[in-house]
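Read off the chains here:
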Amino acid sequence: MTFFILILLLLFNFINCFHFLGYSIIQQHHQYKKCFERLIESENKILLFTSINNSHHYKNELLNIYCNYENINFESIQYDDFINCNYNEKSDIIYINDFLTYNGRIMLNEEKDIILKYNKSPKLILNVEDSDNLILLDHHFLNNFNDILFPKMNKYILNTYIYNLIEHYHFNELIHSIQWSSYDLCKLSLKEIENLIYKIHLSYQLKNDIDKDYIKKIIYVHMMDSIS
């Protein structure tokens, strides 16, 4: 029983650290904080949360973390759950994370009515990914709502996040020497990046003189597994 409690405490601390480091992005790069403040403080019952590139994992993670720090009851759901009323009406924010993604979506008139007539307590935030390239878009319908653009996540921000991870968890210092700019980290979520750094740290713990090709293989396999 004592061992089980210890594991729970370690897991709780790990989750809190993830939220703390994620929130550091919001603090260090104020455009994210301003973006979330506009989402939360807007008087509109429904808002489109748009992006010009595929950023769905960052939008979901950072909005969740921001709401957690601001004591805002946040729930991320899928479109079908919303249409079927499968969500917590006591939430402050309902985020439909797959509202318009990939090629877009063909919506039935009944579904449009559900959204247009929505007048419940939680604010509704509709995720629209890669808005410039979506094929199936009903502009007449979308023009009913105001939109807020999510700032692009770039390599500099992610490199800073990795640096903070290494320092915060006291991971192996050799991880700092990896040329992270040569990898398309924007395809990974913050949690996936954290898991990757931890894998590399464990590898260095087992053998400190691992060659660079082995580290490249770890990164490549992790990225392929995460993207697939």
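Fair warning: this is a prediction, and the values are worked out from it, not measured in the lab. (Residues numbered from 1 in each chain as written. Predicted model: local features only at pLDDT ≥ 70, side-chain atom pairs only at ≥ 80, totals over all residues. Heavy atoms only, no water.)

Caption draft 1: Examining the nonpolar core more closely. Grouped together as the largest cluster of nonpolar side chains are 50 residues, with contacts concentrated most on Phe36, Trp180, Ile193 and Ile200. At the level of secondary structure, the elements contributing two or more residues to this core comprise helix 1 (2-28), helix 2 (30-41), strand 1 (46-50), helix 3 (56-69), strand 3 (93-100), helix 7 (155-169), helix 8 (190-206) and helix 9 (212-227). Take this core: its biggest share by element is seven residues, from helix 7. Among all residues touching Phe36, those that are not within four sequence positions of it are Ile26, Phe49, Leu62, Leu63, Tyr66 and Phe150. Judged by nonpolar contacts, the second largest core, of 21 residues, contains Phe82, Ile96, Met107 and Phe141. (Core = buried A, V, L, I, M, F, W, Y, C linked by side-chain atoms within 4.5 Å. Buried < 20%, exposed > 50% of the residue type's maximum accessible area, 1.4 Å probe, protein only. Helix = DSSP H or I, 4+ residues; strand = E, 2+ residues; numbered from the N terminus. Contact = heavy atoms within 4.5 Å.)

Caption draft 2: Seen up close, the pairing of strand 1. The element strand 1 is extensively covered by neighbouring structure, given that five of its five residues are classed as buried. Burial of strand 1 is two-sided: the residues Ile46, Leu48 and Thr50 facing one way and the residues Leu47 and Phe49 facing the other way are all buried. Bridge count between strand 1 and strand 5 (residues 146-149): four bridges; the pairing is parallel. Bridge pairing in strand 5 places Leu47 opposite Asn146. (Pairing = 2+ DSSP bridges.)

Caption draft 3: Focus on the packing of aromatic side chains. Under the defined criterion, the tally for this structure stands at 15 aromatic pairs. Note on Phe82 and Tyr87: the rings are 5.6 Å apart at their centroids and 20 degrees apart in plane angle, and the pair reads as stacked. Residue Phe82 is classed as buried on the basis of its relative accessible area of 1%. Centroid distance Phe82 to Tyr118: 5.8 Å. Interplanar angle 55 degrees. Geometry classified as tilted. Of the two residues, Phe82 sits in helix 4 (residues 79-83) while Tyr118 sits in the loop between helix 5 (109-116) and strand 4 (123-128), which places them 36 residues apart along the sequence. Residue Tyr118 is classed as buried on the basis of its relative accessible area, which comes to 7%. A connected cluster of aromatic rings, assembled from ring pairs, spans Tyr32, Phe36, Phe49, Tyr66, Phe74, Tyr95 and Phe150. Between Lys59 and the ring centre of Phe49, over which it is positioned, the NZ or CZ distance is 4.9 Å. (Phe/Tyr/Trp six-rings, centres within 6.5 Å; stacked < 30°, edge-to-face > 60°. Lys NZ or Arg CZ within 6 Å of the ring centre and 35° of its normal.)

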